[in-house]
There are 2 protein chains.
Amino acid sequence: MELDDRKRKILLAIIQNYQETGEPVGSRTISKMDDLNYSPATIRNEMADLEEMGLIVQPHTSAGRVPTDKGYRLYVDNLLKTDETSLTVSEAQLPGTHMEQLLSKRMDRVEEMLMRMAQILAANTQYTSMVTGPHYKRNKLKFIQMSAMGSGKLLAVIVLNGNIVKNNILDIGADLAPEVLTNLNFCLNNNLNGLSIEEINLALITKIKEEAGEYADVAAKVLDAVAGAFDKEDSVPVYTSGATNIFKYPELADNGKISDLINVLEEKSELGTTLGHVAEGESKQDIQVYIGDEVPVDSMKDCSVVTATYQMGDGVQGKIGIIGPKRMDYQKVVETLKATMSQLDGIFMKPEE
Amino acid sequence: MELDDRKRKILLAIIQNYQETGEPVGSRTISKMDDLNYSPATIRNEMADLEEMGLIVQPHTSAGRVPTDKGYRLYVDNLLKTDETSLTVSEAQLPGTHMEQLLSKRMDRVEEMLMRMAQILAANTQYTSMVTGPHYKRNKLKFIQMSAMGSGKLLAVIVLNGNIVKNNILDIGADLAPEVLTNLNFCLNNNLNGLSIEEINLALITKIKEEAGEYADVAAKVLDAVAGAFDKEDSVPVYTSGATNIFKYPELADNGKISDLINVLEEKSELGTTLGHVAEGESKQDIQVYIGDEVPVDSMKDCSVVTATYQMGDGVQGKIGIIGPKRMDYQKVVETLKATMSQLDGIFMKPEE
DNA sequence: TGTTAGCACTCAATTAGCTGGAGTGCTAAC
DNA sequence: GTTAGCACTCCAGCTAATTGAGTGCTAACA
């Protein structure tokens, strides 16, 4: 069967009405709309066709229609218009929401900024938001600074591009003389600065150890710390906000399900490994929409999730996502994400080299 | 009216039975207990007295009895036995729960440790847990390390006692020569190390600025950063875990209330300012029990909260707390907290000077 | 005097039956 | 192709009846 223009309009009307009310929408409701001036009976015929195509269903015999996952998919892929105008619209929308406050004051602490970003997104959309911390794998080392802490301990501060700072307290057993420390600092910085984790290979490690001479074991410990700073692949920090927004949508407010959902949001780790994973070769502009069963998290099979990739500095990237009911306002969510992306890029790109 | 031994036993029985079932307990149930071999009628007479004393109530005329806040208060203050034996009991209990894993491996990152502690507490008790980060006010400065980052930026690493590390990126407009940096580092460390925030007064600040000479403004910025490292009084980090455990207790699972509750747990800030506040002159051994209306958080008026103060290093302290239904197992909770405290003190006290 | 058996009573929770309304599918007429 | 009409279905909300757990009170008993 073919999806002609009228059917398309009816499907759109059903989706929009259901979005607002959360109730199944009947033929009478639609026939009263301005641009669909047909009798309920006609609408019913069309709806029967749409149901046959698997785009809508009725929860029970004498109820109105509700979009199916497939219906939403069609909507998102074809019917949703995210043309040029949309960006300017949402940019005009955002100022009301403290976004510019966040963006004007460039925060030095990345974590805090991401957390606040999650909060703003949740407040803006009235859905639940998720922001993963950046993946460091492809990031580069800016510099290393070691300081003596006394009692055989060394503080290693590792700074990556994007001003991401990692601290590490190393236990090296004995205190080093200041000039030894200076030399070691120089040696490490000289050899490592500007490199990514892949570029630190065995040859280089051997070279550093040789240069460190009798302090080779200290150098080795520092290198471990450097690897540790990069290697957060399996434990990316995830920030969420607005978890309680899901209580607003009765179709999700079933007590058993809501508990599972909030649990996943609290644990965060599952979010990081599934939704937070940045696919290889993924373009920055890509926005992923997961609808219902498509969501790769079990407890969210009744939800939809929209994610986008953000970029900060060189090869450092993460995900932001919105989690809401399947009848979420995809238009608004996609626009909000796009606007956030473009503004984020603005902050991060400028002050870095 | 006097609370004789039999009445006490009956109250205890009601509290314990209600703890397990969550249902109002009737006279028949109690008369079947081993050490209370009276007829239901006798028990009823006693229960009527207990009700008159305000220790129990019946939710409706033909229901069993439920303890009141006042009843729980009496229980916690007098009937609860937390004698010497209890500590060893709970210590024997904890090993099954990864606690020793956490404690054996001394984590260098304080935040991560506190977060995992919250997780373990929640898993252990099946209630919701809360851990506030330490208050730094009375802590002391261990040392400061500044490094040049290029393009007019300076990285200031501030280490407090207890190996709490703070990073700060300062924008000073121009790059400093290495020897200037060395001198500045020396000057600051020389003047500040070992001091608490209160001890850094105007006279000292003036002295430092004089020593810094033409770099007085840089020194001022560093001092601001130091103050910032200490002054987290109003934004103590709070870690929570097991929020979804409250779904297990039907008396809390009302959809409106549970949303408010989880919201507070998610926001965290209110927890920090009320429950997280360490009272002046509070002894380390003190354990606070808030029952129902006593809880200083609005959305928790149907809950009970038990908190304890932990100590790490010199004057650095924070709170850990358990949030659960009023019918929580106070015995177990108090024991778990005490055991955690004593083990925590063990870790923090030993490796520090 | 303390304890207990008996009985009438109360009230929440469950169940069954009823009704109204919203919505549908189908058919026949326009 | 569109529409009016009609029989049908099913949910939601209401009421009434039933059940069961538990109580308070009184009178008898040890």
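Residues numbered from 1 in each chain as written. Chains lettered and ligands numbered in written order. Predicted model: local features only at pLDDT ≥ 70, side-chain atom pairs only at ≥ 80, totals over all residues. Heavy atoms only, no water.

Colleague: I'd like to hear about the pairing of strand β3 (residues 128–132) of chain A, residue by residue, with values.
Modeller: Here is the key point about a regular strand: its side chains alternate between the two faces of the sheet. Residue and element names in this part refer to chain A. The buried count for β3 comes to five of five residues, which makes it a mostly enclosed element. Here β3 shows no split at all, with Thr128, Met130 and Thr132 on one side and Ser129 and Val131 on the other all buried. For β3 and strand β7 (residues 238–241), the ladder comprises four bridges, and the chain directions are antiparallel. Opposite Met130, over in β7, you have Thr240 as the bridge partner. (Buried < 20%, exposed > 50% of the residue type's maximum accessible area, 1.4 Å probe, protein only. Helix = DSSP H or I, 4+ residues; strand = E, 2+ residues; numbered from the N terminus. Pairing = 2+ DSSP bridges.)

Colleague: Kindly report on the interface of chain A and chain B, identifying the contributing residues and their values.
Modeller: Counting residues at the interface gives 30 residues for chain A and 30 residues for chain B. Here chain A and chain B share an interface that buries about 2600 Å² over both sides, 56% of which is from carbon and sulfur atoms. The interface formed by chain A and chain B includes zero salt bridges. Our count for the contact surface shared by chain A and chain B stands at eight residue pairs in polar contact (both at pLDDT 80 or more). Listed by contribution, the elements that provide at least two residues to the side of chain A that touches chain B are β4 (141–150), β5 (153–160), β6 (164–171), β7 and α11 (255–267) of chain A. (Contact = heavy atoms within 4.5 Å. Buried area = accessible area lost by both parts, 1.4 Å probe. Salt bridge = Lys/Arg side-chain N within 4 Å of Asp/Glu carboxyl O. Polar contact = N/O pair within 3.5 Å; in protein donor to acceptor, adjacent residues only side chain to side chain.)

Colleague: Outline the sheet that holds β5(A), listing residues and values.
Modeller: Residue and element names in this part refer to chain A. If you walk across this open sheet you meet the three strands as β4-β5-β6, and the pairing is antiparallel. Sheet topology places β4 and β6 at the edges, where each strand pairs with a single neighbour. Here the strands of the sheet are splayed against their neighbours by 20° on average, with no regard to which way each runs. Looking at chain direction, β4 and β5 are connected through eight bridges and run antiparallel. The partner of Met146 across the bridge, within β5, is Ala156. Set on the sheet, helix α8 (residues 178–192) makes contact with β4 and β5; between it and β4 the angle comes to about 165°. Against the sheet, helix α10 (residues 216–230) engages β4, β5 and β6, with an angle of about 145° to β6. (Axes fitted to C-alpha atoms, helices over the stretch in contact; angles between N-to-C directions.)

Colleague: Hey, could you go over α10(A) for me, with residue numbers and the actual values?
Modeller: Because the α-helix completes a turn every 3.6 residues, residues three or four places apart line up on one side. All names here are of chain A. When the terminal C-alpha atoms of α10 are compared, their 21 Å separation across 15 residues agrees well with the 21 Å that a helix rising 1.5 Å per residue should span. When we look at burial in α10, the residues that qualify are Val218, Ala219, Val222, Leu223, Ala225, Val226, Ala229 and Phe230. Buried residues in α10, looked at end-on, bunch into an arc of 155°, giving them a common side. Turned more than 90 degrees off the buried face of α10, the exposed positions are Asp217 and Asp224. (Expected span 1.5 Å × (residues − 1). Arc of directions from axis to C-beta.)

Colleague: Requested: an account of unusual backbone geometry, with residues and values cited.
Modeller: What is expected of a backbone is that most residues other than glycine have negative phi and most peptide bonds are trans. The backbone of Lys268(A) sits at a positive phi, close to 75°, despite the residue not being glycine. The topology assignment puts Lys268(A) in the loop between α11 and α12 (269–273).

Colleague: Please set out the layout of surface pockets residue by residue, giving values where relevant.
Modeller: For the second largest pocket, the calculated volume is near 1000 Å³. Together, 32 residues line the second largest pocket, and Gln145(A), Asn185(A), Gln145(B), Met146(B) and Asn185(B) are the ones closest to its centre. Only β4 and α8 of chain A together with β4 (141–150) and α8 (178–192) of chain B provide two or more residues apiece to the lining of the second largest pocket. Broken down by class, the residue content of the lining of the second largest pocket amounts to 18 nonpolar, 13 polar and one charged. (1 Å grid on protein atoms, 1.4 Å probe; cavity = no way out; pocket = protein on both sides within 12 Å on 5 of 7 lines; lining within 4 Å. Points joined across faces, edges and corners; volume = space filled by probe spheres on them. Nonpolar A, V, L, I, M, F, W, Y, C, P; charged D, E, K, R; others polar.)

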